[in-house]
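Geometric and topological summary
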Amino acid sequence: SQTSGEEGVWRRQANYPLAGYNYTVALPGSGEDRVDFTIACHPTQPVALDANLGYSHMGDFGYSGVGLVIDGKRFENIRQLGEDFPAFWEALRHAKQVEMLTKDQQVPLPIEGLTAALPAVDSPEYICKARPKPEPIPDAPKQTGWKQFGNATEGYSYGVYNRADSFTISCHPNKPA
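Let's shift gears to unusual backbone geometry. Cis geometry is found at the peptide bond from Tyr16 to Pro17, where omega equals 5°. The topology assignment puts Pro17 in the loop between strand 1 (11–14) and strand 2 (21–27). Although it is not a glycine, Asn15 sits at a positive phi angle of roughly 60°. You can see Asn15 is positioned in the loop between strand 1 and strand 2. Taking the relative accessible area as the measure of exposure, Asn15 reaches 52% and is therefore exposed.

For the rest of this paragraph, the subject is the side chain of Thr24. Structurally, the position occupied by Thr24 is in strand 2. In terms of polar contacts, Thr24 uses its side chain to reach the backbone carbonyl oxygen of Phe37, at 3.1 Å.

Turning our eyes to something else, we now look at the confidence of the model for the protein chain. Mean pLDDT over the protein chain: 84, with 86% of residues reaching 70 or higher. Per-residue pLDDT, averaged within each element of the protein chain, yields its smallest value for strand 11 (residues 155–161) (71) and its largest for helix 1 (residues 85–93) (97). Long-range and interchain partners of residues 1–5, a stretch whose pLDDT sits below 50, account for seven contacts in this model, where long-range means more than four residues apart.

Phe37, Ile39, Leu68, Phe85, Phe88, Trp89 and Leu92 are the most contacted members of the largest nonpolar core, which has 33 residues in total. The set of elements that each furnish at least two residues to this core consists of strand 2, strand 3 (35–42), strand 4 (45–53), strand 6 (67–70), helix 1, strand 8 (98–101), strand 9 (106–109) and helix 2 (114–117).

The subject of this paragraph is the sheet that holds strand 4. Read from one edge to the other, the open sheet built from five strands follows the order 1-2-3-4-5, with strand pairing classed as antiparallel. Since the sheet does not close on itself, it has two edges, and those belong to strand 1 and strand 5 (56–59), each with one partner. Each strand axis lies, on average, 20° off the axis of its neighbour in the sheet, ignoring direction. Of the strand pairs in this sheet, strand 2 and strand 3 are connected by seven bridges, and their pairing is antiparallel. The partner of Tyr21 across the bridge, within strand 3, is Cys41. Across the sheet, helix 1 lies against strand 2, strand 3 and strand 4, angled at about 135° from strand 3, the strand it touches most.

What holds strands together in a sheet is hydrogen bonding between their backbones, with the strands either parallel or antiparallel. Judged by pairing direction, the sheet is antiparallel, and its four strands sit side by side in the order 7-6-8-9 without closing on themselves. Unpaired on one side and paired on the other, strand 7 (73–75) and strand 9 mark the two borders of the sheet. On average, each strand axis in the sheet is inclined to that of its neighbour by 25°, with strand direction left out of account. Alignment of strand 6 against strand 8, held across four bridges, turns out to be antiparallel.

Scoring rules and cut-offs
- Residues numbered from 1 in each chain as written.
- Predicted model: local features only at pLDDT ≥ 70, side-chain atom pairs only at ≥ 80, totals over all residues.
- Heavy atoms only, no water.
- Helix = DSSP H or I, 4+ residues; strand = E, 2+ residues; numbered from the N terminus.
- Buried < 20%, exposed > 50% of the residue type's maximum accessible area, 1.4 Å probe, protein only.
- Polar contact = N/O pair within 3.5 Å; in protein donor to acceptor, adjacent residues only side chain to side chain.
- pLDDT = per-residue confidence, 0-100.
- Contact = heavy atoms within 4.5 Å.
- Core = buried A, V, L, I, M, F, W, Y, C linked by side-chain atoms within 4.5 Å.
- Pairing = 2+ DSSP bridges.
- Axes fitted to C-alpha atoms, helices over the stretch in contact; angles between N-to-C directions.

Below, the structure written as structure tokens:
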């Protein structure tokens, strides 16, 4: 927890609450009024997040997700920003407005001390890295237009297809369509 005089100011601390360097901010309050957010960086591990909103604990270790809104831009999967993580980090360092993002709330966080606490990406103190971005799932090929299948002996099927639905007419010898 924060000590007196550190509430509302971003700071850097080692190995608390997570391993590595922790960049953290907390608002005054406890119990159901508790609000804190931490980004932890370790030289051999991807960045980790830890947050508390009242009695709800969020972060990377089996709890519900947490993200940030920085100057109006949403960052919901911070751990998997891949090559975009340094740009996120610099945006956070220079933010004019930051909000903690949960599944159903946006809670304003202070910005005091951000630039002093978070090292620049080109400094030797910067050790943060994110996991690679997940590969996008390719769209299923679009099959549009009429297709014809079959032969004169067994009959023909005529169909039109798209991703949402399809329509087929089947014509067989001596059977209704």
